[in-house]
Structures are given as C-alpha cells and as structure tokens.
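# Descriptive analysis of the structure
In case you want the letters, here they are:
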Amino acid sequence: MIGGGIGSSDNSIMRESRQLVPLLNIDSPHTWSAMEVRKLRQNLLRWYRRYRRPLPWRDTPTPYRVWISEIMLQQTQAKTAIPYYSRFLERFPDVESLAGALEHDVMELWSGLGYYSRARNLHRAAKLIIEKYGEFPRDFPEILALPGIGRYTAGAICSLAFNQAQPVVDGNVRRVITRLEGIRSGAREAFFWDRMSAWIPEKQPSDFNQAVMELGAMVCVPSHPLCSRCPVEGLCEARRLGIQEAIPAVRTRRAAQQTPVVLLILEAKNRILLTSLQKLAIVPGQWGLPCSRFLHGES
Ligand code: SF4
C-alpha cells in the first residue's frame, strides 16, 4: 500500500487539527448533480483501466474465484493473500472440488491466514451450492443466503463476476466517500450504501466498484492521501476544505490479549504425543501438543 505511518509529532498535530474542524451536519450532505456523477464515473473508470494493479483474481473473474479472493481479502492485505489464493486455486480449482474436499485439507491450506471461520464457511457454502444449485447461483439474494457471505461479498460476486449493478462498501470505499463528501462524523452505514447505489453505473459496474476500492487502497490511503494523483480531486469536498488528512477519524485499536498456556511434552520411543486441539488452537482441530490455559496461582 502506498503511504506510510505517521510519527508521534505528526500524530499530535493531527489530533489538534481534528479538534479544530467543526462538525458538518450529515443530514445535509453534498448534493451531486448529474454532471458531477457522470464526471466521477468517467474519471474513476479511466484511471482504473490505466493504473489498476495486476492482481491474480482479476484475470478470470469467475464467481468462484471472486468469492475465494473476497473472503481471503477480509482482514488480509492483497500481498499476503496472493500466495494463499494461488495455492488454494491450484488445489481446489472450482466449487465442485472444494465441496468434495475434507475440512482438514481446506483448513490446512488456510493455515496462517487467520480468521478460520472464513475457511469453514467457504467449505460449508461450497457443499450447499452443489447440493442446492449444482453451480454457483447468480441471484443476489441466493448468494447472500450462503454461509459466510454478507452484503459486501454478495455485491462483489454479482458485480465482478456477473456484471450486475450491485454496490459494494468496504473500508476503502467508506474512506473515499467520507472524503469526497467532507463528512467529519455521524454517517450511518446506510448512507455509504445509498451513495454507492446512486453512483454505480449500469454499464461497467464491475470496473466502477473496483475503481473506488482501488482508489482507497492506492491513492486515498488512510494517512497522507495522494490527492495530486487523484482522478476525482476536483470533486472532493475534503480536498477543497483542506481536511483530507483529518477525516475519517482514526479508531483506536483494542490492545492484543495474551493467553498464558501450559504445554505437555510427552516423549516415548522417539515419538511425541500430539492431540487434536480445539479451544486453544489457532486452527480448531489442528494437531499440537496437549495444552490448557494457565490460570493464575496454579502450579
Ligand atoms: Fe481522497 Fe484526496 Fe482524492 Fe479526495 S482528492 S478522494 S481526499 S485522494
């Protein structure tokens, strides 16, 4: 991702500038004329065709490939997901092969990617698709009803694979809209979906959705957006007001929790006892040393 972190002194400046920015009323956001919407679409589509990253899931956007990539990209950066995606597609090239796989094999390929319920849901959904439809469904409500698929992923599959005018809203899209609109706070989730629904064109909805997400990933980045390279700079309220660095407000992260554990190493005849782990495993069901949570005061 382009753009780096900010130092502590920059942080304090940022905090001050945020405090000085008066709040806009979200009930009266910027009204877009038809000409502005047309310009927004044209500029974004032109920029996307020229500058989009050559990501492997963009080569052949079948519903299966879009689905796998979108699930992998949840909470995961593209560069991390790419090798997992390639290995997964090599082993399970289509929904039939995934539906027929053992859960253990699916989890093994997911190992290291985190958020393991994603892999279990993929497997469950693949079985369901084959049992119920025989092939990947095309309708938004049917896709949305599959395990592990929310509005964003269903929209991505419909638009990217089937070229249906279904909007998507992820973190990148939210940030781009927040800045284009110059919103300091108070925007509800429905607002972002409404905006994307109004902007998405009937022609090329796939490229439009990807263009907004790509802009958020490469140009309208969280810290120090690259406004001078932005194709929609002239339409951006935050840029006009000079507040693009101050919005959206940064959310404070929860501190990571540590869990002390005790491990049992039992060795006999050159063999070590392993057990199928559940609660304390990174991948539930994975094999590891017997272990349990270490409670304070235990010896
Ligand atoms: Fe983001 Fe800057 Fe473009 Fe506005 S002009 S959308 S803040 S990159």
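Residues numbered from 1 in each chain as written. Predicted model: local features only at pLDDT ≥ 70, side-chain atom pairs only at ≥ 80, totals over all residues. Heavy atoms only, no water.

Turning next to the site of the ligand. All residues in the neighbourhood of the ligand are listed as Arg179, Val219, Cys220, Cys227, Cys230, Glu233, Cys236, Arg239 and Gln244. Taken together, the residues of the shell around the ligand break down into five nonpolar, one polar and three charged. (Near = heavy atom within 4 Å. Nonpolar A, V, L, I, M, F, W, Y, C, P; charged D, E, K, R; others polar.)

Right, let's talk about the side chain of Gln210 for a bit. Looking at the secondary structure, you find Gln210 in helix α12 (residues 205–218). Within polar-contact distance, the side chain of Gln210 engages the side chain of Tyr48 at 3.1 Å. Apart from residues no more than four positions distant in its own chain, Gln210 is found in contact with Tyr48, Arg58 and Leu160. (Helix = DSSP H or I, 4+ residues; strand = E, 2+ residues; numbered from the N terminus. Polar contact = N/O pair within 3.5 Å; in protein donor to acceptor, adjacent residues only side chain to side chain. Contact = heavy atoms within 4.5 Å.)

With that out of the way, let us pick up the packing of aromatic side chains. Enumeration over the complete set of coordinates arrives at eight aromatic pairs. Centroid distance Trp32 to Trp199: 5.0 Å. Interplanar angle 65 degrees. Geometry classified as edge-to-face. Remark: Trp199 occurs in helix α11 (residues 189–199) and Trp32 occurs in the loop between α1 (8–20) and α2 (34–51); sequence separation between them is 167 residues. As far as burial versus exposure is concerned, Trp32 and Trp199 are alike and both buried. With 5.5 Å between their ring centres and 70 degrees between their planes, Trp67 and Phe136 make a pair best called edge-to-face. Remark: Phe136 occurs in the loop between α7 (117–132) and α8 (140–144) and Trp67 occurs in helix α3 (residues 63–73); sequence separation between them is 69 residues. Residue Trp67 shares its accessibility class with Phe136, and that shared class is buried. Each member of the aromatic cluster is reached from another via a ring pair, and the members are Tyr64, Trp67 and Phe136. A cation sits over an aromatic face here: Arg87 above Tyr84, 4.9 Å from the ring centre. (Phe/Tyr/Trp six-rings, centres within 6.5 Å; stacked < 30°, edge-to-face > 60°. Buried < 20%, exposed > 50% of the residue type's maximum accessible area, 1.4 Å probe, protein only. Lys NZ or Arg CZ within 6 Å of the ring centre and 35° of its normal.)

Right, let's talk about a nonpolar patch on the surface for a bit. Judged by side-chain polarity, Ile265, Ile272, Leu274 and Trp287 come together as a nonpolar surface patch covering roughly 460 Å² of accessible area. A relative accessible area of 47% places Ile272 in the partly exposed class. (Patch = residues over 30% accessible without salt bridge, like charges linked within 9 Å, V, L, I, M, F, W, Y side chains within 5 Å. Areas by Shrake-Rupley, 256 points an atom, 1.4 Å probe, with all protein chains shown as cover. Salt bridge = Lys/Arg side-chain N within 4 Å of Asp/Glu carboxyl O.)

So, about the pattern of salt bridges. Across all of its chains, the model carries seven salt bridges by this definition. Put simply, Arg174 and Glu189 hold a salt bridge, and the shortest N to O gap is 3.1 Å. Of this pair, Arg174 sits in helix α10 (residues 171–181) while Glu189 sits in helix α11, and the two are 15 residues apart along the sequence. Given the relative accessible area of 28%, Arg174 is considered partly exposed. Given the relative accessible area of 37%, Glu189 is considered partly exposed. Here Arg195 ties to Glu181 by a salt bridge, and the two come within 2.2 Å at their closest N and O atoms.

Here we take up helix α4 (residues 78–91). Taking 1.5 Å of rise per residue, 14 residues should cover 20 Å, and α4 covers 20 Å from first to last C-alpha, within 8% of that figure. Ala78, Ala81, Tyr84, Tyr85, Phe88 and Leu89 are the residues of α4 that are buried. On its buried face, α4 sits against α3, α5 (95–99), α6 (103–110) and α7. (Expected span 1.5 Å × (residues − 1).)

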